[in-house]
Amino acid sequence: MTLSPSVKAGCRGSVRACLCFCLWQFLFTEGAEDTTPSSQMLRAVNLVLDCTYVSESAGHGGMFPGGFTREKALLVLRNVSVPEHESLDSITDFQPQPVENEAMIFEATVTDVEIPESEALLHADCNGQEVSCEISQYFRHKEGKAGSGEEENTACFISSIHISGNSFSVTVVMKTIPYQNDSVGKDRWHPRLKVPLSPRGTITMTVAFAVFTHTPSIRTQLGNTVKLDCGLKLSAADVVSVEWWRQHKGSGRSIYMYQPGTANRETTGPWMDIQNLQDSGDASLFIEGLGVKDEGTYICLVSTTHYNAQQIIQVLVIEPPKVKLYSTPSHEGSSRSLLTCEINNYYPLDVHVKWGQKVPENEGKLIEISESYSTSHRENHDGTFTVSSIVSVTVPSPEERGTTYTCSVSHVSLQVPITASLHLASAADVESFIGLAGVSLATVIFIVFCCFLSSKRRDEGRSQCREQTAADTDTATPHVTTPQHKKKQH
Amino acid sequence: MFSGVKMRIVPVFLFFLGLLCLSDASTGSHSLRYFYTGVSDPGLGFPEYYSVGYVDDKPIRWYDSVSQQSEPRAQWIAKNVGPEYWERSTQNQRSWQQTFKANVKIAMDRYNQSRGVHSFQLMYGCERDRDGSTRGFFQYAYDGQDFISLDKDRLIWVPAMVGAEITEQKWNADRSFAERLKGYLEQTCIEWLQKYIQYGTKELDSKVRPSVKVWDRKPEGRSTTLHCQVTGFYPRDIEVKWVKNGEVILHGTAAKDILPNHDGTYQIQESVEINPKEESTYSCHVDHSSLPESLSVLWEPKSSLSIGIIIGVIAGVLLLIIAVVAGVIVYKKKQKGEEPVPSYSFPTDGVTQMVLQTDWLGGYNAAPGKCPEPQILSPWGFTAVCRFG
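Residues numbered from 1 in each chain as written. Chains lettered and ligands numbered in written order. Predicted model: local features only at pLDDT ≥ 70, side-chain atom pairs only at ≥ 80, totals over all residues. Heavy atoms only, no water.

Note the cut-off: UniProt positions are given in the numbering used here, feature names are shortened, and annotations may be inferred rather than shown by experiment.
By the naming in an unreviewed UniProt entry, chain B is Major histocompatibility complex class I-related gene protein-like, taken from Microcaecilia unicolor. Under the UniProt heading Subcellular location (unreviewed entry), the note attached to chain B is "Membrane". Quoted verbatim from the Sequence similarities (unreviewed entry) field of the UniProt record, the comment on chain B reads "Belongs to the MHC class I family."

Under an unreviewed UniProt entry, chain A has the name Tapasin-related protein isoform X1 and belongs to Microcaecilia unicolor.

Right under this line is the structure:
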């Protein structure tokens, strides 16, 4: 009854074929046991997930006694509610085959604690997403155990399920049905897990508690308001407390705490909607005007009377750089110029700069410049960074048509690099422009002065003078306003 | 310069570990902190295991798997504790070394890693304010990332990494471990801290006056920036602000801007952009516990460049009327006058420290090609060591 790899490959190949295959493989309707959920639009199905059972191997001391062992396991979530679907009619029944003693099939029935996003889990494989699932033994708090006698003879397991692409993560705590140690026959006892097996050879449990998030990883720009999603599913009678903990680069602290019966502290920082928590089990945290200082790992810790579980959420700040390209003349008389590509206000730190040049003589082909150096990066007050990359280039001679230089900046925030370009014209040209401008200006002033003097003496010479002035200004103006270098920024 | 960086890497990271969660000395608080590190492959030039203890920002004790001996790192500690202290510490550290050796491997196993260099770290310590309030922390890291932390107040372990949940599960099931640590952090640790503070009163309370330097710089295409460099001070806490016509315009006390010097003192630089055309006075004010009153250094602007340009242009035009050729020459000279005046010289130890800062913030990006992927370092620090050459 384990899934063959060939079927899985077929699943990914075609979406249409996928539905049939996946539903057949992942979904087994129940005959007699099927209980229809309250809403007529929902239907109870079984969700089967490939999992790894992780357990600690025996060892000596230390944080983990002696490493971990991994075994293949199946997790069957029974009675999961999914929206009614036509093709469900054609689904084959789940017929468990006799299994060997060692094989692990965890069968958890969903009763009052529902599994969120069960539909996403159901179709994940078809949508090209990987579902990773790990099961391990769950250790209850000693205080919780002592509470009732009924709890004594149950074992608990915890399953962490992640859908790839950081879209969903859920932790499910499952509890075996109560048993009496001596009333269970040897053959109905899992040799290593020390829990009773059902007649079908499975470990039968009920879902006791679930904590989930739709935002296991958040990438956002500065100043945004972000919602760190955290939800919980538990049996209605239970009392719940929520703590949000922020851990970042070696320092951690509690940033929000909700305990029923205690007055909620008024904080100016991150906040939680308590009403939402009480109504729908939504323990999401909101952070307004996100700054670099808010970056980190946030842990949503949910505790009930008997259980606790959490979700880990990464918050990353991604701020795209602003790029500016300009030239600085090298020392006087030098034929070299320094081009500076200033990369401003970006986060995180890593940027890559590529320099290129386009020479018209070379049909405008872009040639990479490898010789560049960069300044030390500077940290701005908002936590973003600034760095400059500099290249030294030869100023084109007057015969050459000039070169276009480009600076391409790649950063994690950018889908395509930002490219800034600059046209470096001949230094001699520029100087002659200025010279010409000076000559023209002087000529104009000189002529005006002449006219002024001559107009005092001879009235008939005025019109001639005026014509000449106009002609000179027209030719001079473009040279004066021509920028030394064209700047272009994308 | 690069070889200098290479040689400094180990002390740099140790030092930065030491700066973590630094106590706020201005409120008279003191701290005792320990940092343990184990690596899977000691080939990096690191010992397989080493640990260091600090009182405030002063190292007091060192142990590594090469010497296998706990050693004093401060005279005032060596003078005040007897040989049995080092004996006990050595025994204790040898067993930690074994534990860490196992833990690195097991953590690698947890993440299905069979090769590569991996690290496992622990840091813990306590802090006591002058008013008697205390704080404590105890946390682990794997590969430079927070792995699991103790929430001392709620007596629970908080996993910060996917994969740490099994450890969290187990440790949270039995509160006695967390309770023992809470006891250590709130009692034992504080008692020892107070002992150490007594032993090292002179060193821990020493005060070194800062030297202050003010200069301006006008980067091409940007407004003039005034820099105030304050260096060589101890203790670490300082207040540096820029004052314009008697009003504070920039107030810098951000702890992260304070950098360590090689001699145990600190430095900070505060920069402010100004409009040089405004008729204003700017001064840099420094408040530090070593100074009886605040120190103020006035910025003296050089003759304004813009006025020079205006005069130059007028003069040029006048000259042009007389002689066109002469006019061109004069104009060229004025163009030259627009080049930024190099008035910037960085103090030598400042340059060294800038390199250190770069290492701290993330990789070292001044040597492209040698360290291809600079990355943000965490205070767990050392996994992101960039190998030079």
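More follows now that the structure is in view.
### Describing the overall build of chain A
The following threshold applies: The helix and strand labels rest on DSSP assignments: H or I over at least four residues marks a helix, E over at least two residues marks a strand, and numbering proceeds from the N terminus. Residue exposure (1.4 Å probe, protein chains only): buried if accessible area is under 20% of the type maximum, exposed if over 50%, otherwise partly exposed. Residue burial considers only the protein chains on display, and all accessible areas are found by Shrake-Rupley using a 1.4 Å probe.
A count of helices and strands for chain A gives 7 helices and 26 strands. Put simply, chain A has 490 residues, and 47% of those count as buried. Counting every atom, chain A has about 24600 Å² of accessible surface; 53% of that belongs to carbon and sulfur.

### Some details on the overall build of chain B
What counts is decided by this rule: Whether two residues are in contact is decided by their heavy atoms: any pair within 4.5 Å suffices.
The number of helices and strands found in chain B is 9 helices and 16 strands. Across the 389 residues that make up chain B, the buried fraction comes to 48%. In chain B, the share of contacts with a sequence separation of at least 24, taken over all contacts with a separation of at least 6, comes to 56%.

### Here we look at helix H5 (residues 175-199) of chain B
Residue and element names in this part refer to chain B. Basically, it comes down to this: Multiplying one less than the number of residues by 1.5 Å gives the expected span of a helix. The reported bend at a residue is simply the angle between two axes, fitted to the 7 residues ending at it and to the 7 residues beginning with it.
When the terminal C-alpha atoms of H5 are compared, their 35 Å separation across 25 residues agrees well with the 36 Å that a helix rising 1.5 Å per residue should span. Largest kink in H5: about 35°, centred on Tyr 184. Those residues of H5 lying buried are Arg 175, Ala 178, Leu 181, Leu 185, Cys 189, Ile 190, Leu 193, Tyr 196 and Ile 197.

### Here's the deal with unusual backbone geometry
All names here are of chain A. Look at the link from Tyr 347 to Pro 348: it is a cis peptide, with omega at -5°. Relative to the helices and strands, Pro 348 resides in the loop between strand S18 (336-346) and strand S19 (351-358). Of note in this structure, Glu 117 is not a glycine but carries a positive phi near 55°. Examined against the element boundaries, Glu 117 turns out to sit in the loop between strand S3 (104-109) and helix H3 (118-123). Unusually for a residue other than glycine, Asn 345 sits at a positive phi of about 50°. By secondary structure assignment, the location of Asn 345 is in strand S18. The class of Asn 345 is partly exposed, set by a relative accessible area of 24%.

### Some remarks on the confidence of the model for chain A
All names here are of chain A. Selection criterion: On a range of 0 to 100, pLDDT expresses the predictor's confidence in each residue.
Confidence along chain A averages 75 in pLDDT terms, with 67% of residues attaining 70 or more. At the level of individual helices and strands, chain A shows its lowest average pLDDT in helix H1 (residues 5-13), which scores 31, and its highest in strand S9 (residues 226-228), which scores 97. Note on residues 60-64: pLDDT under 50 across the span, and 16 contacts to partners over four residues away in sequence or across chains.

### Topic: the sheet that holds S9 of chain A
Residues and elements named next belong to chain A. This is how the line gets drawn: A strand pair is defined by DSSP finding two or more bridges across the two strands.
Reading across the sheet, the 3 strands line up as S9-S14-S13 and stay open at both edges, with antiparallel pairing between neighbours. In the strand order of this sheet, the two ends are held by S9 and strand S13 (271-272), each with one partner. The sheet contact formed by S9 and strand S14 (residues 285-287) spans 3 bridges and is antiparallel. Counted as the bridge partner of Val 226 is Ile 287 from S14.

### Quick word on the domain arrangement of chain A
All names here are of chain A. For clarity, the cut-off: Those domain boundaries reflect an automatic or database domain assignment. Note on terms: buried area is the combined drop in 1.4 Å-probe accessible area of two parts once they are placed together, counting the loss on both. The salt bridge definition used is simple: a Lys or Arg side-chain nitrogen within 4 Å of an Asp or Glu carboxyl oxygen. Here a polar contact means two N or O atoms within 3.5 Å. Within protein one must be a hydrogen donor candidate and the other an acceptor candidate, and residues neighboring in sequence count only if both atoms are side-chain atoms. Residues are grouped as follows: nonpolar covers Ala, Val, Leu, Ile, Met, Phe, Trp, Tyr, Cys and Pro; charged covers Asp, Glu, Lys and Arg; every other residue, Gly included, is treated as polar.
Each assigned domain of chain A is listed here: domain 1 (5-314) and domain 2 (322-429). Counting from both sides, the interface comprises 4 residues of domain 1 and, opposite them, 5 residues of domain 2. Interface area, domain 1 with domain 2, both sides summed: about 370 Å², of which 57% is carbon and sulfur. Taken together, domain 1 and domain 2 are joined by 0 salt bridges. Run the count over domain 1 and domain 2 and you get 1 residue pair in polar contact (both at pLDDT 80 or more). The class makeup of the residues in the side of domain 1 that touches domain 2 is 2 nonpolar, no polar and 2 charged.

### Quick notes on the pattern of salt bridges
For the structure shown, the criterion picks out 18 salt bridges over all chains. Notably, a salt bridge pairs Glu 134 of chain A with Arg 110 of chain B, separated by 2.8 Å at the nearest N-O pair. With Glu 134 of chain A in strand S4 (residues 131-138) and Arg 110 of chain B in helix H3 (residues 83-110), this residue pair bridges two chains. Accessibility expressed as a relative area gives 27% for Glu 134 of chain A, which makes it partly exposed. Glu 239 of chain B is paired through a salt bridge with Lys 241 of chain B; the nearest N and O atoms lie 3.7 Å apart. Taking the relative accessible area as the measure of exposure, Lys 241 of chain B reaches 17% and is therefore buried.

### Some details on the nonpolar core
Basically, it comes down to this: Put simply, a nonpolar core is a bunch of buried Ala, Val, Leu, Ile, Met, Phe, Trp, Tyr and Cys residues held in one set by side-chain atoms that sit within 4.5 Å of each other.
Ranked by size, the top nonpolar core spans 58 residues in total, and within it Phe 209, Leu 228, Leu 232, Val 242, Trp 244, Met 272 and Val 302 of chain A carry the most contacts. Looking at which domains feed residues into this core, each of domain 1 (5-314) and domain 2 (322-429) of chain A supplies at least three. Phe 120, Tyr 140, Tyr 142 and Cys 189 of chain B belong to the second-largest nonpolar core, a separate cluster that totals 41 residues.

### Topic: helix H4 (residues 165-173) of chain B
Because the α-helix completes a turn every 3.6 residues, residues three or four places apart line up on one side. By the criterion of burial, H4 of chain B is predominantly enclosed, with 8 of the 9 residues buried. For H4 of chain B, the full list of buried residues reads Glu 165, Ile 166, Thr 167, Glu 168, Gln 169, Trp 171, Asn 172 and Ala 173 of chain B.

### Looking at the state of the cysteines
As used in these notes, a disulfide is a covalent bond between sulfur atoms, one from each of two cysteines. Residues and elements named next belong to chain A. Filter applied, for reference: Disulfide assignment relies on a single distance test, namely cysteine sulfur atoms paired within 2.5 Å.
As enumerated under the stated definition, the model contains 5 disulfides over all chains in all. Between the sulfur atoms of Cys 341 and its disulfide mate Cys 407 the distance is 1.8 Å. Disulfide Cys 341 to Cys 407: torsion about the S-S bond roughly -65°, handedness left-handed. On the criterion of sequence distance, the pair formed by Cys 341 in strand S18 and Cys 407 in strand S24 (residues 403-411) is long-range, its members being 66 residues apart. By relative accessible area, Cys 341 is classed as buried at 0%. Take Cys 407: its relative accessible area is 0%, and that puts it in the buried class.

### Side note on the packing of aromatic side chains
Stated formally: Centre distance within 6.5 Å is the pairing criterion for rings of Phe, Tyr and Trp, where only the six-membered ring of Trp is used; planes under 30 degrees apart are then read as stacked, over 60 as edge-to-face, and the remainder as tilted. Look at NZ for Lys and CZ for Arg. If either is within 6 Å of the ring centre and within 35 degrees of the ring normal, a charge sits over the ring.
For the structure on display, the rule yields 37 aromatic pairs over all chains. With a centroid separation of 6.0 Å and an interplanar angle of 50°, the aromatic rings of Tyr 138 of chain A and Tyr 307 of chain A are classed as tilted. Separated by 169 residues along the polypeptide, Tyr 138 of chain A in strand S4 and Tyr 307 of chain A in the loop between strand S15 (296-303) and strand S16 (308-317) bring together distant segments of the chain. Classification of Tyr 307 of chain A by relative accessible area gives buried; the value is 5%. Cation over ring: Arg 110 of chain B sits above Phe 68 of chain A, and NZ or CZ is 5.4 Å from the ring centre.

### Quick look at the sheet that holds strand S12 (residues 251-258) of chain A
All names here are of chain A. Here is the rule we go by: Helix axes are fitted only over the stretch in contact, all axes being lines through C-alpha atoms; the angle between N-to-C directions runs from 0 to 180 degrees.
The mixed open sheet is built from 5 strands, whose spatial order is S8-S16-S15-S11-S12. The sheet is open, and its two edges are formed by strand S8 (217-220) and S12, each paired on a single side. Direction aside, the axes of adjacent strands within the sheet are offset by 20° on average. Bridge count between strand S11 (residues 241-248) and S15: 7 bridges; the pairing is antiparallel. By the bridge assignment for S15, Gln 247 is matched with Thr 297.

### Brief notes about the side chain of Gln 169 of chain B
Following the sequence through the fold, Gln 169 of chain B ends up in helix H4. Judged by its relative accessible area of 3%, Gln 169 of chain B is buried. Among residues more than four places away in sequence, those in contact with Gln 169 of chain B are Gln 137, Tyr 138, Phe 139, Ile 158 and Asn 308 of chain A.

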